[in-house]
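Close look at the chain arrangement
One-letter residues, chain by chain:
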Amino acid sequence: MGRLFVVNLEGKIYSCKHCRTHLAISEDIISKAFHSRHGKAYLFNKVVNVSVGEKEERTMITGLHTVADIFCVGCGSIIGWRYEIAHEKSQKYKEGKSVLERYKISGPDESNYLITHEAHHAGGSDADDA
């Protein structure tokens, strides 16, 4: 296996809660109104230090999307997903953007987010503001 190069960010940083690898900065947040199976999630314009899994079709609250899970390169934890294709015209803005699940990352103030019981939904996960 090759050498791992990790991007270090500056500013208000979101990082992996398991290994503290930098993932994104607050200036790249598009929306904090997304939801995952485990609770809140944030849509980011740009994330770093992730590997991308296999593409798959998922039916979410806002319709059918082609997505790929994203993993922290530091520890391999699944931390969210990337929108590859939005099949609904109104959802095209999500293409190429990534969602980080809030309970899997630490915020700029190093705060963690806990899972809430009401966060468990039937079906897929998605934004509630779309």
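Residues numbered from 1 in each chain as written. Predicted model: local features only at pLDDT ≥ 70, side-chain atom pairs only at ≥ 80, totals over all residues. Heavy atoms only, no water.

Examining the overall build of the protein
Definition in use: In this text, helices come from DSSP runs of H or I with a minimum length of four residues, and strands from runs of E with a minimum of two, each type numbered from the N-terminal end. Classification of residues uses two cut-offs on accessible area relative to the type maximum, computed with a 1.4 Å probe and protein chains only: under 20% is buried, over 50% is exposed, and between them is partly exposed. Working rule for contacts: check all heavy atoms of both residues, and any pair within 4.5 Å makes them a contact. Working definition of accessibility: Shrake-Rupley area with a 1.4 Å probe, residue cover restricted to the visible protein chains.
A count of helical and extended segments in the protein gives zero helices and nine strands. Listed N to C, the secondary structure of the protein is β-β-β-β-β-β-β-β-β in terms of helices and strands. A total of 130 residues make up the protein; the buried ones form 45% of that total. Counting contacts in the protein only where the partners sit at least 6 residues apart, residues at least 24 apart contribute 50% of the total. Element-wise, carbon and sulfur atoms account for 50% of the exposed surface of the protein, whose accessible area totals about 7,200 Å².

Comments concerning the sheet that holds strand E4 (residues 39-44)
Rule in force here: Two strands qualify as a pair provided DSSP detects at least 2 bridges between them. Helix axes are fitted only over the stretch in contact, all axes being lines through C-alpha atoms; the angle between N-to-C directions runs from 0 to 180 degrees.
Across the sheet, six strands lie side by side as E3-E4-E8-E7-E6-E5; this open sheet has antiparallel pairing. Each edge of the open sheet carries a strand with a single partner, namely strand E3 (29-36) and strand E5 (50-60). Between one strand axis and the next, the sheet turns through 30° on average, direction left out of account. Pairing analysis gives seven bridges linking strand E6 (residues 63-72) to strand E7 (residues 78-86), with the strands arranged antiparallel. Across the sheet, residue Ala 68 finds its bridge partner in E7, namely Arg 82.

Concerning the pattern of salt bridges
Working definition: two side chains of opposite charge can pair if their charged atoms are close together. How we decide: A pair is scored as a salt bridge if a Lys or Arg side-chain nitrogen falls within 4 Å of a carboxyl oxygen belonging to Asp or Glu.
Tallying each qualifying case throughout the model produces four salt bridges. Between Glu 56 and Arg 58 there is a salt bridge; the shortest N-O distance is 2.9 Å. Residue classification places Glu 56 among the partly exposed positions, given a relative accessible area of 37%. According to the relative accessible area criterion, Arg 58 is buried, its value standing at 15%. One salt bridge connects Lys 104 with Glu 101, and the closest N-O pair in it is separated by 3.4 Å. Each member of the pair, Lys 104 as well as Glu 101, is classed as buried. One salt-bridge network, held together by shared partners, links Glu 56, Arg 58 and Asp 69.

A few points about the environment of Phe 5
Residue placement: Phe 5 occurs in the segment before strand E1 (13-16). Take Phe 5: its relative accessible area is 68%, and that puts it in the exposed class. Linking Phe 5 and Val 73, residues 68 residues apart in sequence, is a C-alpha distance of 9.2 Å.

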